[in-house]
Amino acid sequence: MSIIIDADTKLVISGLTGREGTFHGLRNRDYGTQVVAGVTPGKGGQDVEGIPVYDSIAESVTEAGANTSMIFVPARFAAASINEAIDSGVDTVIAITEGIPVMDMMPTYWRAREKGVRLIGPNCPGVLSPGKANVGIIPAQFFDPGRIGVVSKSGTLTYQIGNELKQAGEGNSSIVGIGGDPIVGSDFIDILTLYENDPETDLIVMVGEIGGDAEERAADFIAKSISKPVVAYIAGFTAPPGKQMGHAGAIISGSSGTAQAKKEALEAKGVRVGKSPTEAAAIAVETLRSI
Amino acid sequence: MDLLEYQGKELFARYGLPVPEGIHAATPEEAVAASEKLGYPVAVKAQVLIGGRGKAGGIKIATDKTEAHEHAGDIIGMDIVGPHGEGPFKVHELWVEVGSEIESEYYTSVILDRSEKKLLVMLSRMGGMDVEAIAESDPGALVKEHVDPIEGLAIEDARGIVARSGIPREVAEQVASVLVKLVEVARAEDATLIEVNPLIVNAAGEVILLDSKVTIDGNALYRHPELSELSDGVAEDPQEAMAKERGLTYVKLEGDIGVLGNGAGLCMSTLDVVAQAGGSPANFLDAGGGSKADAIVDALEVITSDEKVKAILFNIFGGITRCDEVAKGIIEATARIGLTMPIVVRLDGTNSEEGLALLDEAGIGNLHHESTMLGAAEKVVELAAAGRENSA
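In short, a report on the structure. The shown structure was predicted, so the numbers you read here are calculated from the model rather than taken from an experiment.

Regarding the overall build of chain A
Reasoning step 1: Looking only at helices and strands, chain A has 9 helices and 14 strands in total.
Reasoning step 2: Dimensions of chain A, computed from C-alpha atoms along their principal axes, come out at roughly 55 × 40 × 30 Å.
Reasoning step 3: Counting across all 291 residues of chain A, residues that qualify as buried make up 60%.
Reasoning step 4: Restricting to contacts in chain A with at least 6 residues of sequence separation, those with at least 24 account for 73%.

Some remarks on the interface of chain A and chain B
Reasoning step 1: If you look at the interface, chain A gives 46 residues, while chain B gives 42 residues.
Reasoning step 2: Of all the secondary-structure elements, those providing two or more residues to the side of chain A that touches chain B are helix H3 (75–88), helix H4 (102–115), helix H5 (156–167) and helix H9 (277–290) of chain A.
Reasoning step 3: Of the residues contributing to the side of chain A that touches chain B, the split by class is 24 nonpolar, 15 polar and 7 charged.

Here's the deal with the nonpolar core
Reasoning step 1: Counting 218 residues, the largest nonpolar core has Val-93 of chain A together with Leu-179 and Val-380 of chain B as its most contacted members.
Reasoning step 2: Here the element with the most residues in this core is helix H6 (residues 169–189) of chain B; it accounts for 8 residues.
Reasoning step 3: Beyond its immediate sequence surroundings of up to four residues, Leu-179 of chain B is in contact with Thr-108, Val-121, Leu-123, Leu-153, Ala-158 and Ile-161 of chain B.

What to know about the sheet that holds strand E7 (residues 118–120) of chain A
Residues and elements named next belong to chain A.
Reasoning step 1: With mixed pairing, the 7 strands of this open sheet are ordered in space as E3-E4-E2-E1-E5-E6-E7. Each edge of the open sheet carries a strand with a single partner, namely strand E3 (47–48) and E7.
Reasoning step 2: Where E3 meets strand E4 (residues 51–54), 2 bridges bridge the pair, whose relative direction is antiparallel. In the sheet register, Val-48 faces E4, and the bridge partner there is Ile-51.
Reasoning step 3: Sheet contacts for helix H1 (residues 19–31): strand E1 (10–14), strand E2 (34–39), E3 and E4; angle to E2, the most-contacted strand, approximately 160°.

A word on the environment of Glu-98 of chain A
Residue and element names in this part refer to chain A.
Reasoning step 1: Examined against the element boundaries, Glu-98 turns out to sit in the loop between strand E6 (92–95) and H4.
Reasoning step 2: The spacing of Glu-98 and Val-285 is 187 residues in sequence and 32 Å in space, taken between C-alpha atoms.
Reasoning step 3: When residues no more than four places from it in sequence are discounted, the contact partners of Glu-98 are Ala-75 and Asn-123.

Let's talk about the sheet that holds strand E2 (residues 22–25) of chain B
Residue and element names in this part refer to chain B.
Reasoning step 1: Sheet architecture is open: 4 strands sit in the order E2-E7-E3-E4, paired in antiparallel fashion. Lying at the two open borders of the sheet, with one neighbouring strand each, are E2 and strand E4 (59–62). Strand-to-strand twist in this sheet, taken as the mean axis angle between neighbours without regard to direction, amounts to 20°.
Reasoning step 2: Where strand E3 (residues 42–46) lies against E4, 4 bridges are found, and the strand directions are antiparallel. The partner of Val-44 across the bridge, within E4, is Lys-60.

Let's talk about the pairing of strand E8 (residues 126–129) of chain A
Residue and element names in this part refer to chain A.
Reasoning step 1: Side chains Gly-126 and Leu-128 project from E8 onto one buried face, and the interleaved Val-127 and Ser-129 project onto a second face that is buried too.
Reasoning step 2: Where E8 lies against strand E9 (residues 133–136), 4 bridges are found, and the strand directions are antiparallel. Bridge pairing links Gly-126 to Gly-136 in E9.
Reasoning step 3: Connecting E8 to the antiparallel partner E9 that follows it, the hairpin turn spans 3 residues, and Gly-131 within it adopts a positive phi of roughly 80°.

What counts, and where the lines are drawn
Residues numbered from 1 in each chain as written. Chains lettered and ligands numbered in written order. Predicted model: local features only at pLDDT ≥ 70, side-chain atom pairs only at ≥ 80, totals over all residues. Helix = DSSP H or I, 4+ residues; strand = E, 2+ residues; numbered from the N terminus. Buried ≥ 20, exposed ≤ 12 C-beta atoms within 10 Å, placed from the backbone. Contact = placed C-beta atoms within 7 Å. Nonpolar A, V, L, I, M, F, W, Y, C, P; charged D, E, K, R; others polar. Core = buried A, V, L, I, M, F, W, Y, C linked by C-beta atoms within 7 Å. Pairing = 2+ DSSP bridges. Axes fitted to C-alpha atoms, helices over the stretch in contact; angles between N-to-C directions.

Listed below in C-alpha cells is the structure:
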C-alpha cells in the first residue's frame with residue numbers, strides 16, 4: 001500500500017494546457033500515473049499528447065473516471081479551481097499552485113472538510129508513491145519504494161532527505177508535501193494518521209519549519225495516537241522574528257512558531273529530531289533497522 | 001506587508017471606522033503646519049513598524065507651535081528599538097493627529113488563527129498594554145471568539161463578545177460595530193492581522209481607534225493596488241530593496257557569509273547548518289526553481305553589495321532544476337561580476353556530476369566545491385574567518 005495516491009489513481013489536471021501543467025503532467029504520466037484528463041474551460045475536445053481535455057472537472061469524472069484532481073492554475077484562479085474540484089466528485093485534490101491569498105483558502109478549506117474531500121496543499125510539491133504514482137512536481141529519481149513515509153512542509157528539503165535515504169539503501173511508501181502556506185488542506189496530523197494506518201509504512205519522517213503550531217500539535221498527537229516511530233527535522237533555527245522566510249507561512253510572530261520551540265515540543269514527546277537533514281536521514285535509517 | 005499606523009488608519013476610515021483626524025509630515029515645518037491646521041493639542045507620532053513607540057519617546061503631545069516643532073525635530077531621525085530588541089528602526093515620517101482625551105482604554109484585534117483556519121476576534125477592557133501582558137495578568141479579561149469563515153461576524157455575535165468583555169453598556173454598541181467592521185476590513189482587504197491598541201473612549205463618550213497595526217497578505221496585493229503602492233518601511237535596507245526590485249526572495253541577516261539556496265526550506269536549513277558550523281549567515285536568498293545565469297548574476301550582485309559579506313555558499317539540490325544549468329550560471333556570473341571573494345559550491349541532485357565537471361573545467365580559482373551540506377558549511381565558515389583576518 002501507500003497513501004493518498006497509488007496505481008488506481010486516475011488523475012485529472014486543471015491547467016494541463018499551460019506550459020508548466022503540460023511539462024509536469026506528462027512527467028507524471030511517464031512515471032506511470034494514470035493521467036486520464038486535463039481541464040481548461042473552453043478547450044474541451046482538445047488533447048495534450050493524447051490526454052483528453054474537458055471543459056470542467058465534473059465532466060472528466062463522468063467521462064474519464066477521474067478520482068483525483070491536481071490543480072496547476074495561476075494563483076488568482078486557483079481557489080475557484082479547487083472549489084470546482086471539491087464539488088466535482090473526485091475524492092482527492094492536490095493543489096500545487098503557489099501564492100493563493102489566504103482569505104481565498106479559508107472558505108475553500110472548510111468547503112473541502114464539509115464535503116469530505118481530501119485536500120493536499122496548496123503551495124506544495126505534491127505526492128509521490130514510489131513505483132506506483134506521482135502527482136505533482138516531486139522528482140521521482142531520488143526516491144525508491146520502501147517502508148519510510150515522509151511528510152513535509154518543504155519541497156527541496158524533502159528531496160534532500162529522500163536522496164540521503166536512498167543512498168543509505170532505504171526507500172519510501174509515500175512522500176507527501178503538505179505545503180508551506182498559513183492554511184493548507186491537510187496538516188501533519190492528517191498525514192501521520194494515514195501513515196499509522198498504512199501497513200507498508202514502518203517509520204515516519206516529518207519535516208517541519210518555522211511558523212504556526214502544526215509541529216507542536218503534531219507532537220501531542222504523536223504521543224497519543226501514533227505507534228510507529230517518528231523522526232523529525234525542523235528548518236529555520238536562525239530565522240529572526242517577524243521576517244518571512246520564503247514560504248508565506250514561514251514567519252515567526254512574537255515568541256511562537258520558533259524552530260527551537262518545535263524541536264523541544266517534539267523531543268518532549270519522544271520524537272528524535274535531527275540537527276541537519278543528513279542527521280535526520282541517518283537517525284531514520286538507524287531506527288528503521290532496529291525495529 | 002505591514003502598514004504604518006497612519007496607513008492602517010486611512011484604511012479604517014474607508015470602512016467608516018472612527019479614527020482621529022490627522023496629517024502626514026516628514027519635517028518639523030510640515031508638522032507645525034499640520035498642527036496649526038488641526039488645532040492643539042496634537043499628538044506627534046513616529047511612523048515606524050514597531051510597537052513600544054510611546055515608551056521609546058516616539059509619541060509626544062504638543063500644545064503649541066513651539067512644542068510641535070521641537071517634538072517633530074526630536075522624533076525625526078530617532079532610532080526606535082522594539083520591546084523585544086527589534087530594530088533599530090529610524091524614524092523618517094510622522095503622523096500628526098488631533099489629541100484625544102482618554103477616559104478608557106481597550107484592546108481589540110482580528111487575526112488569522114492558523115490552527116483553526118478561521119479569523120479570531122479578541123477584545124479586552126484592559127488596553128494600552130501588550131496582549132501577552134493582558135493574557136498573563138488577567139486571562140479572564142481577554143475575550144476570544146472565532147469568526148464563521150463563510151458568513152463573517154454578525155452584529156449579534158459581536159454584541160455577545162462585547163457583553164462578555166465587561167465593557168460598559170453605554171459604549172457597547174459602538175464597540176460591537178467596530179468589531180464587525182474590523183472583520184469586514186480583514187476579509188475585504190486581505191488583512192491577516194489587525195490590532196487596535198488602544199481602542200479608546202474619549203471624554204465625549206465616543207469610541208475611537210487610537211492606534212493601528214495591520215498586516216496585509218502579500219499574495220493578495222494584486223487586488224489592492226492602492227495598498228501595494230504604499231512605501232514599505234521594512235524594505236528600507238538597501239539589499240532588501242535591491243532584491244525586491246529584481247524579484248528575489250531575500251532577507252538580510254547580521255552575519256558575513258552570503259547564502260544562496262534553492263527552495264525556502266533548503267535555504268533555511270542551509271542557514272542553520274552554517275550556524276552549527278560556527279558561522280554567521282549574512283542573508284537568506286531563495287534562488288527558486290530556475291536558477292539560470294541571469295538569476296544567479298542578480299542574486300550574487302545583491303549578496304555582494306552587502307559589504308559585510310566575506311564568503312559565499314551556494315547550496316543547490318537539483319530536483320526539476322538541473323545542476324549543470326546552475327553550474328553554467330555560476331561560471332557566467334562570476335566572470336561577469338569579476339568576483340574575487342571565496343565561493344563554496346555544493347551541488348547535488350539532477351545532473352550534479354555534469355555540473356561539477358563544468359565547474360572543474362572552468363578552473364575558477366576562488367571557487368571550492370564540497371559534496372555535503374555540512375562539509376560545505378564548514379569550508380565556507382573557515383574561508384570567511386580567513387577573510388576577516390585579512391581585512392583586519
